[in-house]
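Descriptive structure summary
For reference, the chains in residue letters:
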Amino acid sequence: MNPLTHLPAWPSLRSDIAPDPALEQAVRGILAHMTVEEKIGQMIQPDLVELTAEDVRTYRIGSALNGAGRWPGGDRRAGAGAWAETVGGFWEAAQEAYKDRPFTIPFMWASDAVHGHNNVHGATIFPHNIGLGAAHDADLIRRVGAVTAREIAATGIDWTFAPTVATPRDLRWGRCYEGYSEDPEIVHVYARAMVEGLQGDAEGLRTDSRVISCVKHWVGDGGTFGGEDRGIARCSEDLLRNIHAMGFFSGIEAGSQSVMVSYSGWESEDRSEERAHGSAYLITDVLKDALGFDGIVVGDWDAHPYVDGCSQGDAGNVIKAGVDILMISSREKWQAVYRDALARVHSGDIPMSRIDDAVLRVLRVKMRAGLWDKPRPQDRSLAGRQEILGAPEHRALARESVRKSLVLLKHENAVLPLARTAKVLVTGSAADAITKQTGGFTVTWQGDDVTLDDFPGGATLAGAVAEVVGDGRCTVDPLLDHADVSEHDVVVVGIGEDTYAEMLGSISPWHTVEYAALKPSYARDLEILRELRAAGATVVTVLFSGRPLYVTEEINLSDAFVAAWLPGPAAQGITDLLFAPAEGEQPYDFQGRLSFSWPRGRRTTTSHRVPPHIPDYQVPPGEEEPVGKHAPLFPYGSGLTLRGPAPADGPGPYPLPLDEDDDAPPAELFTGDTLVVGPGDPAYLFEVSATANGPQPIPSDGRHETVFVTTEPVATPGGRDGVSLTFKGTRTFVYAQAHGGRPADLRDLVARDGSLSFDVRVVEPPTDPFHLACHNDYPRQPALDISARLAALPAGEWTRISVPLSELADAGVDFAHVDVPFLVCTEGKARLEISGIELAAAPRNA
């Protein structure tokens, strides 16, 4: 890796795709003929399921995207041809929209292809970025980008929202695995390599085998305080520039044609807190003016309501700050934003110069990508060619990527490589669980409903082991509840996090990063390792995770321990290293090196390598100095090989000392009789759906509709405010945030025989389990299925339902830190009305 240079000011960048005077003249000529309605249409980007061809013709919509879990016709097995035909239909509608105009503007389609073309059945899935970062191989990243671009092009899509160039600084962040490294050194090199792989050079971008790239999320999302998703980065501008912006610098210099803005915000001693989407300073003054970026600045999914002065139907302040394209989920919202923006332009609130700047950038990028010269998406050279998705050479690259990303953290007793004739027991929660390998943003947002059928040619860890030793010598027993350990030569233990994306993977401040403490199933993994040690077994442990975790005891109980990150379905890349090669085949060795520091303690979450390019570096607030109890167990750059000498500065001798410190910050004990969960806060109810990004506040004074849920206010017979909830068959959560968002210790309510009560009128009973909880960690924490109770209620009548808190406590709900006192979730359909939510102790005796 090339050493970085400290930047005392925002640099003026020079893109490898230089301005072209002829192109500029052409796009300015088009802009001069456009109406304001046509211009605003280019700035609106709806989602696939919220847009029709008629919308494109009517509103002159310039681009669209498919979010995770969106497929042509709702078919998750849709092939390359179906994708290209779908995209082509919108492209044709855009052509028709301008048939009576002296110009045309081609349509542009975008997708979140962040570790391969991960929304499309049969596409090649690569390791998530955290694994690729451990490879320390920029050429590999460039090749991954080129293959991904080729598969995207096979589906007729023009644009990918990749790469993510965040520099994650807190292991509790649910998006940690989307970053290549905690250190800007790797991020800086990889951002350039991935952009070059996706786009090629200026000429390559114009071909139909490359796609437009997008470096994201501008800027500082990896540095939010406490690892809060969509939180606030609190650091100096110097650290914002030299740690969090380094990937943007190299990505823009490589020619990236778009930058996505972050949900998060930034504050420093010199600047007050401000959301990135509403920051004219960060978007216009820095990104556009100082850096000289001349491509598209695109907003994130429904991010505009996070900005002061904006709402679901009003993105005026986001437009004025400098965002060029607004990514908006629902039809109702994008049409409202369109109308509002048009009115604001006519009133002079949004200057026409700001609209012209946005549209000029959109036209410039479309022309640089050759979209005026390319035929219909379905007629392009690669479009519809199913054989390109998951082509053998592409899967070979995925397997290579897995091999190069694995980090060997412990190796004793020369147990590796394993003999191909060994009798192997494969156990642990990740032994045969494809979702633990593929992680979030895989087919669907959370990636928790995928199976091996979604990945032709893929394998779980157990499946890959069986491919090597044969089914007759491979026993698979994930819970270790029937296999005889003594009958096996070696035990391969697969452990790892359940899949998650974004905020659903964030670890609350009162939890630690101790693996075994996060879920009961993870605790069982530790028990399995203890049982294996007691039985004298030879143990090789493979950890699948989206971040380093405290696993010191698990390491102690293993003869070899491998950090495999989130490798995807090519588990054969793991067995390439665990097993000796077949006769005549190439031997492989571990070459992965940590791109994140490994925590020594349960509460070590923000300890990093000191950036060598920053003089007189001072650890910022919210991060830990990497010394003493926060000194990494395995420092940045660590990793063993089978053939090289053990490093002199390794963590031994074994067993490693365990961290006995567990000083969880206490929540304030609630000792009152009743905790009311109601509309005392401006927005007390939120919904989040498993295939849509991010929670949405449920308005108390109006209708809220998405493709997943519809809500609207209702009045109860007693005059209380209530809400109608219609669930539409996709996993959807509706929850109430604690007042002020601060957790409370509700154990006193549990001890006093408290109950969670609410009024409910069941209009259509749930078709599937309907879960109730007092937390926002489901399914990480347990919940109660109350569907039978709801079905038993009198149809159409308001009824008071009370659930003893002891039932939730017996199920394993942690009441010591409750920041969401009420949550319901279902994957099925249901329609019910709810009001009067409260947690109350049993009446005191007179």
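Residues numbered from 1 in each chain as written. Predicted model: local features only at pLDDT ≥ 70, side-chain atom pairs only at ≥ 80, totals over all residues. Heavy atoms only, no water.

**Considering the overall build of the protein chain**
Applied cut-off: Going along the chain from the N terminus, every DSSP run of H or I of four or more residues is numbered as a helix, and every run of E of two or more is numbered as a strand. What the globule rule says is 2.2 Å times the number of residues to the power 0.38, and the radius of gyration is computed from C-alpha atoms. Using a 1.4 Å probe on the protein chains alone, a residue whose accessible area is under 20% of its type maximum counts as buried, one over 50% counts as exposed, and one in between counts as partly exposed. Two residues qualify as a contact provided that any one of their heavy atoms is within 4.5 Å of a heavy atom in the partner residue. Counted charges follow a simple rule, with Lys and Arg positive, Asp and Glu negative, and His plus the chain ends left uncounted. For the purpose of locating charges, the reference atoms are NZ of Lys, CZ of Arg, CG of Asp and CD of Glu.
Within the protein chain, the regular secondary structure consists of 24 helices and 32 strands. For the protein chain, whose C-alpha radius of gyration is 27 Å, the value lies close to the compact-globule estimate of 28 Å for 846 residues. Along the first, second and third principal axes, the C-alpha set of the protein chain runs to 80 × 80 × 55 Å. Buried residues in the protein chain amount to 64% of all 846 residues. When contacts within the protein chain are restricted to residue pairs at least 6 apart in sequence, those whose partners lie at least 24 apart make up 79%. Treating the 75 positive side-chain charges of the protein chain as one cloud and the 118 negative ones as another, the clouds have centres 4 Å apart.

**Some remarks on helix 1 (residues 21-33)**
Stated precisely, the cut-off is as follows: Any helix carries an expected span of 1.5 Å times its number of residues minus one. The arc in question is the one traced by the directions running from the helix axis out to the C-beta atoms. Here a polar contact is taken to be a pair of N or O atoms separated by no more than 3.5 Å, where protein atoms must pair a possible hydrogen donor with a possible acceptor and residues adjacent in sequence count only if both atoms sit in side chains.
Relative to the 18 Å expected for 13 residues at 1.5 Å per residue, helix 1 spans 19 Å between its end C-alpha atoms, a close match to the ideal helical length. Every buried residue of helix 1 is accounted for by Leu 23, Glu 24, Val 27, Ile 30 and Leu 31. In a view along the axis of helix 1, the buried residues occupy a sector of 130°, so they form one face of it. Set apart from the buried face of helix 1 by more than 90 degrees, the exposed residues are Pro 21, Ala 22, Gln 25 and Ala 32. If you follow the buried residues of helix 1, they end up packed against helix 2 (36-42) and helix 14 (352-368). N-cap assignment for helix 1: the residue whose side-chain oxygen lies 3.0 Å from the backbone N of Ala 22 is Asp 20.

**Structural notes on the packing of aromatic side chains**
The condition that has to hold: Pairs were defined over the aromatic rings of Phe, Tyr and Trp, the Trp ring being its six-membered one, requiring ring centres within 6.5 Å. Orientation was assigned from the angle between planes: stacked under 30 degrees, edge-to-face over 60, tilted for the rest. Whether a charge sits over a ring comes down to the Lys NZ or Arg CZ being within 6 Å of the ring centre and within 35 degrees of the ring normal.
According to the stated counting rule, one finds 17 aromatic pairs in the structure shown. Residues Tyr 59 and Trp 334 carry aromatic rings whose centres are separated by 5.0 Å and whose planes lie at 85° to one another, so their mutual orientation is edge-to-face. Here Trp 334 lies in helix 13 (residues 331-347) and Tyr 59 lies in helix 3 (residues 53-59), a separation of 275 residues in the sequence. Tyr 59 gets classed as buried once you look at its relative accessible area, which sits at 17%. Aromatic pair Tyr 59 and Tyr 338: ring centres 5.0 Å apart, planes at 90°, arrangement edge-to-face. In this pair, Tyr 59 sits in helix 3 while Tyr 338 sits in helix 13, placing the two residues 279 residues apart along the sequence. Residue classification places Tyr 338 among the buried positions, given a relative accessible area of 7%. What links up through ring pairs into an aromatic cluster is the set Trp 10, Trp 218, Phe 248 and Phe 249. One cation-aromatic arrangement involves Arg 241 over Trp 10; the distance from NZ or CZ to the ring centre is 5.3 Å. The aromatic ring of Tyr 281 is capped on one face by Arg 271, whose charged end is 3.9 Å from the ring centroid.

**Side note on the side chain of Asn 118**
Along the polypeptide, Asn 118 turns up in the loop between strand 3 (108-111) and helix 5 (129-135). With relative accessibility at 1%, the residue Asn 118 sits in the buried group. Among the polar contacts listed, one links the side chain of Asn 118 to the backbone oxygen of Asp 112, at a separation of 3.0 Å. At a separation of 3.1 Å, a polar atom in the side chain of Asn 118 contacts the main-chain amide nitrogen of His 115.

**Things to note about unusual backbone geometry**
The step from Trp 218 to Val 219 runs through a cis peptide bond, and the omega angle for that step is -10°. Relative to the helices and strands, Val 219 resides in the loop between strand 5 (215-218) and strand 6 (232-234). Its identity as a non-glycine residue notwithstanding, Asn 413 has a phi of 65°, on the positive side. Checked against the element boundaries, Asn 413 lands in the loop between strand 12 (407-411) and strand 13 (424-427). Looking at Asn 413, the relative accessible area reads 62%, which means it is exposed. The backbone of Trp 565 sits at a positive phi, close to 55°, despite the residue not being glycine. Assignment of secondary structure puts Trp 565 in strand 17 (residues 560-565). Residue class for Trp 565 comes out buried when judged on its relative accessible area of 1%.

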